[in-house]
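So the chains spell out like this:
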Amino acid sequence: MMSFDEFRAAVLSTDDPEDKKRNKELVERYPFLLPRYDWSQEPLEDYDYGFTNLDDLPKGWVKAFGLQMCEDLRKILVEANYLEEYRILQWKEKWGRLTIYSGGYPDEIADQYNAWEDKYEKLSTQTCIGCGKPGKIVYSGWISPWCKDCFYEHYGNDKNYSEWTKEIE
Ligand SMILES: [Zn+2]
């Protein structure tokens, strides 16, 4: 059976040299984007820049605010001299919201870190996971933010966006 990391690599890996070059630049500027094994936190063996941790997020989010989010986080970490130590254990979409599990950070930057996390969690719930345009949470079996266009593409024209994006009390 494939490990999760192998599975992820197989799904997301790019062979395009331009993409790999870009991924390498990303990982150099944002070391927390370097993929690591869950259990040891060592970098993946034979890693060839085919993907980064950014690929764990929905493509709409990456497009809309992915790089700004990394840049903002980088600034905070640099302030505490913690850029190389900081680890994203996992970040993903959960119930329509960006959810981040980190390896921790120094107390001195806790306020800035929490403000950063709150900002992007909130923004994520208002950003279409498909294309990155402003969106609303759709309450179907899967709770995710979609814009109107992607909603109809995804769910079909017989559904009603206004109905499905109503808050559930
Ligand atoms: Zn969309």
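Residues numbered from 1 in each chain as written. Predicted model: local features only at pLDDT ≥ 70, side-chain atom pairs only at ≥ 80, totals over all residues.

Draft legend 1. Here's a closer look at the overall build of the protein. Along the backbone of the protein there are six helices and four strands. Counted from the first residue to the last, the protein has its helices and strands arranged as α-α-α-β-β-α-β-β-α-α. Here the protein has a C-alpha radius of gyration of 17 Å; the compact-globule value for 169 residues is 15 Å, and the two agree. Across its three principal directions, the C-alpha atoms of the protein cover 50 × 40 × 30 Å. Going through the 169 residues of the protein one by one, you find that 22% of them count as buried. A separation of at least 24 residues holds for 52% of the contacts in the protein among residues at least 6 apart in sequence. (Helix = DSSP H or I, 4+ residues; strand = E, 2+ residues; numbered from the N terminus. Rg over C-alpha atoms; globule rule 2.2 N^0.38 Å. Buried ≥ 20, exposed ≤ 12 C-beta atoms within 10 Å, placed from the backbone. Contact = placed C-beta atoms within 7 Å.)

Draft legend 2. Representation of the pairing of strand β2 (residues 97-102) within the structure. Inspection of the sheet shows strand β1 (residues 88-94) paired to β2 by six bridges, in the antiparallel sense. Residue pairing in the sheet places E93 in a bridge with L98 of β2. (Pairing = 2+ DSSP bridges.)

Draft legend 3. How the structure looks around helix α3 (residues 59-79). The end-to-end C-alpha distance of α3 is 29 Å, a good match for the 30 Å that 21 residues give at a rise of 1.5 Å each. Along α3, the largest kink reaches about 65° and is centred on F65. Among the residues making up α3, those that are buried are G60, W61, A64, G66, M69, L73 and L77. (Expected span 1.5 Å × (residues − 1). Bend = angle between axes of the 7 residues up to and from the residue.)

Draft legend 4. Just the confidence of the model for the protein, in detail. Averaged over all residues, the pLDDT of the protein is 91; the fraction at 70 or higher stands at 92%. At the low end of the mean pLDDT range in the protein sits helix α1 (residues 4-12), at 53; at the high end sits helix α4 (residues 110-125), at 98. (pLDDT = per-residue confidence, 0-100.)

Draft legend 5. Structural context of the packing of α3 against α4. For the pair α3 and α4, interaxial distance at closest approach is 10 Å and the crossing angle is 175°. Between α3 and α4, the angle falls in the class roughly antiparallel. Facing W61, F65, M69, D72, L73 and I76 of α3, the residues of α4 in contact are Q112, Y113, W116, Y120, L123 and S124. Partitioned by chemical class, the residues of the contact of α3 with α4 number nine nonpolar, two polar and one charged. (Axes fitted to C-alpha atoms, helices over the stretch in contact; angles between N-to-C directions. Parallel < 35°, antiparallel > 145°, perpendicular 65-115°, else oblique. Nonpolar A, V, L, I, M, F, W, Y, C, P; charged D, E, K, R; others polar.)

Draft legend 6. Representation of unusual backbone geometry within the structure. The backbone of D46 shows a phi angle near 60°, a positive value even though the residue is not glycine. Examined against the element boundaries, D46 turns out to sit in the loop between α2 (17-29) and α3. A tally of 7 C-beta atoms within 10 Å means that D46 is categorised as exposed. Its identity is not glycine, yet Y49 carries a phi of approximately 65°, on the positive side. The topology assignment puts Y49 in the loop between α2 and α3.

Draft legend 7. Just the nonpolar core, in detail. W61, C128, I129, W146, C147, C150 and F151 are the most contacted members of the largest nonpolar core, which has 19 residues in total. Only α3 and α5 (148-155) provide two or more residues apiece to this core. No other element matches the five residues that α3 contributes to this core. Every residue in contact with C128, bar those within four places of it in the chain, is listed here: G60, K133, G135, P145, W146, C147 and C150. (Core = buried A, V, L, I, M, F, W, Y, C linked by C-beta atoms within 7 Å.)

Draft legend 8. Local environment of the environment of K148. Within the fold, K148 resides in helix α5. Between the C-alpha atom of K148 and that of W39, which follows or precedes it by 109 residues, the distance is 40 Å.

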